[in-house]
Amino acid sequence: MKVFRGLPNDRARAPCALTIGNFDGVHRGHQALLAQVRGAADRLGLDAAVMTFEPHPREYFAHKLGDPSKAPARVANLRDKLEDLDQAGIDRVIVEHFNEQFAAMSPQDFVQRVLVDGLHVKWLMVGDDFCFGARRAGNIAMLTEAGRKHGFEVHTLGTVMQGTERISSSAVRAALAGGDFCATSKLLGHPYAMSGHVIHGAKLGRTLGFPTLNLRVTHRPALSGIFVVQVHGLAEHPLPAVASLGVRPTVEDAGRTLLEVHVFDYAGQCYGKLVRVEFLAKLRDEEKYADLATLTAAIDNDALQARAFFDRRNGALNATDRI
């Protein structure tokens, strides 16, 4: 899969079947849409393409208005989103920088400059509530008329349901915020995880007896707290661990989010490695403690609960194997 930051240059442009959206989490609704794009690309001999945005448009407008709290929490970082799009069979992804200039583009300019001249779109599928251009003035009817004029097909995909629930990024965020990883997995079609390269931290965990591998989180995640997790990428099989995802209120007040993972009975060097942290259960919310001794006692209790979780799970698996 090829990834472009902004529109491809002339030599890299090729006719494509395209969809447009934020694709936060690439849930089962997104997957249904992407399958349609892949199928159309195969029928018509085109590249299957996705245009997505960084930052999220609502995040951009929240910061512009001076209220970052209005920005939606994110299900996935850009790396994980791109990995999911690759798994869906997409040939090219255009990551468009959403800024003041792009936000001010009229619907007519968007069609001409982006869809026609920039991407050579021949087939386009969007959600049935899709709007585009400055102040979201463009709608499906305008897009369909533009398609007739410029020679590209326009198709829409309605809401994908799970029982009576609409599958959406908002539903995934709500499930994550509630620590419901079973519901999250059903919405996504796979277990929830975050990936990243292991970075150097303050080494405080090591002094407390709980060394951690640290992943930088550059967005506001849809979940926070203390979790039972397993780590992929350090061994042939996932390793059991306990993790903290949050702003570490006891040890700093910078407000930056960090994912800290204590892998049980692991002493290998992992700085720089790309790992994937799969979330299994939530233990509790993040708390601020009066001192490091109280924090250490809480971490010790979290580790005991996480180990007990794995003991129960392994016991259940062993019992199933004996049946």
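Residues numbered from 1 in each chain as written. Predicted model: local features only at pLDDT ≥ 70, side-chain atom pairs only at ≥ 80, totals over all residues. Heavy atoms only, no water.

**Re the overall build of the protein chain**
Test applied: In this description a helix means any DSSP run of H or I spanning at least four residues, a strand means any run of E spanning at least two, and both kinds are numbered starting from the N terminus. Burial classification: accessible surface area is computed with a 1.4 Å probe over protein chains only, and a residue below 20% of its type maximum counts as buried, one above 50% as exposed, and the rest as partly exposed. We call two residues in contact when some of their heavy atoms are within 4.5 Å. Only the protein chains shown count as covering a residue, and every accessible area follows the Shrake-Rupley method with a 1.4 Å probe. In this tally, Lys and Arg are treated as positive and Asp and Glu as negative; His is ignored, and so are the chain termini. Charged groups are reduced to one reference atom each: NZ for lysine, CZ for arginine, CG for aspartic acid, CD for glutamic acid.
When you go through the protein chain residue by residue, the secondary structure sums to ten helices and 14 strands. With the C-alpha coordinates aligned to their principal axes, the bounding extent of the protein chain is approximately 70 × 55 × 40 Å. Split into buried and exposed, the 323 residues of the protein chain put 48% on the buried side. Counting only contacts in the protein chain whose residues sit at least 6 apart along the sequence, the fraction spanning at least 24 positions is 72%. As displayed, the protein chain has an accessible area near 16,200 Å², and 51% of this comes from carbon and sulfur atoms. Side chains of the protein chain give 38 positive and 36 negative charges; the mean places of these two sets differ by 3 Å.

**Notes on the packing of helix α7 (residues 169-177) against helix α8 (residues 181-188)**
Using the following cut-off: Axis definition: a line fitted to C-alpha atoms, limited for helices to the stretch in contact. Angles are taken between N-to-C directions and run from 0 to 180 degrees. Roughly parallel means an angle under 35 degrees; roughly antiparallel, over 145; roughly perpendicular, 65 to 115; everything else is oblique. Crossing chirality is assigned from the near helix's rotation relative to the far helix, an anticlockwise turn below a right angle marking it left-handed and a clockwise turn marking it right-handed.
Remark: α7 packs on α8, axes separated minimally by 8 Å, with the N-to-C direction vectors making an angle of 160°. As summarised for this structure, α7 and α8 are arranged roughly antiparallel, according to the angle between their axes. In this structure, α7 crosses over α8, and the sense of that crossing is left-handed. Along its contact with α7, which presents A171, V172, A175 and L176, the element α8 presents F181, A183, T184, L187 and L188.

**Concerning the packing of aromatic side chains**
What counts, and what does not: Centres within 6.5 Å make a pair out of two Phe, Tyr or Trp rings, where for Trp the six-membered ring is used; the pair is then stacked when the planes are under 30 degrees apart, edge-to-face when over 60, and tilted otherwise. To sit over a ring, a charge needs its Lys NZ or Arg CZ within 6 Å of the ring centre and within 35 degrees of the ring normal.
Tallying each qualifying case throughout the model produces 14 aromatic pairs. Ring centres of F53 and F102 lie 5.7 Å apart, and the angle between their planes is 55°; this geometry places the pair in the tilted category. Residue F53 is found in strand β3 (residues 47-54), and its partner F102 is found in helix α4 (residues 100-103); the two are separated by 49 residues along the sequence. By the burial criterion, F53 is buried, and F102 matches it. For the pair Y60 and F61, a centre-to-centre distance of 5.0 Å together with 70° between the ring planes defines the contact as edge-to-face. Linked through ring pairs, F53, Y60, F61, F98, F102, F110, F130 and F132 together constitute an aromatic cluster. Lying over the aromatic face of F264, R307 brings its terminal NZ or CZ to 4.2 Å of the ring centre.

**A look at the side chain of S169**
Here S169 shows up in helix α7. Owing to a relative accessible area of 13%, S169 belongs among the buried residues under this scheme. Apart from the residues lying within four places of it in its own chain, the contact partners of S169 are D24, H27, H30 and V75.

**Description of the nonpolar core**
Formally: In these notes, a set of buried Ala, Val, Leu, Ile, Met, Phe, Trp, Tyr and Cys residues joined through side-chain atoms within 4.5 Å is what counts as a nonpolar core.
In terms of nonpolar packing, the biggest core is built from 33 residues, with Y192, L213, L259, V261 and F279 touching the most fellow members. Those residues in contact with V261, other than ones at most four positions away along the chain, are P211, T212, L213, V229, V231, A241, V242, A243 and V277. One finds L18, F98, L119 and L124 within the second-largest nonpolar core, a separate group that totals 28 residues.

**Section: the pairing of strand β13 (residues 258-263)**
Worth spelling out the cut-off: We treat two strands as partners when DSSP finds at least two bridges between them.
Where burial is concerned, most of β13 is hidden: six out of the six residues are buried. Judged by which residues are buried, β13 turns out to be covered on both faces: L258, E260 and H262 on one side and L259, V261 and V263 on the other are all buried. For strand β10 (residues 213-216) and β13, the ladder comprises four bridges, and the chain directions are antiparallel. Looking at the pairing, L213 lines up with V261 of β13. Here strand β12 (residues 239-246) runs beside β13; their pairing, made up of six bridges, is antiparallel. Each bridged residue has a counterpart across the sheet, and for S244 the counterpart in β13 is E260.

**Some details on the pattern of salt bridges**
When the charged atoms of two side chains with opposite charge come close together, those side chains can pair. Convention followed: We define a salt bridge as a side-chain nitrogen of Lys or Arg found within 4 Å of a carboxyl oxygen belonging to Asp or Glu.
Counted according to the given criterion, the structure contains 13 salt bridges. In this structure, D10 and R13 form a salt bridge, with 3.1 Å as the shortest nitrogen-oxygen distance. Of the residues examined, D10 reaches a relative accessible area of 62% and is grouped as exposed. Taking relative accessible area as the criterion, R13 reaches 24% and is therefore assigned partly exposed. R74 is the partner of E54 in a salt bridge, and the nearest nitrogen-oxygen pair spans 2.9 Å. Note that E54 is positioned in strand β3 and R74 in the loop between α2 (57-64) and α3 (78-87), a separation of 20 residues in sequence. Connected through salt bridges with shared partners, the residues R38, D42 and D91 form a single ionic network.

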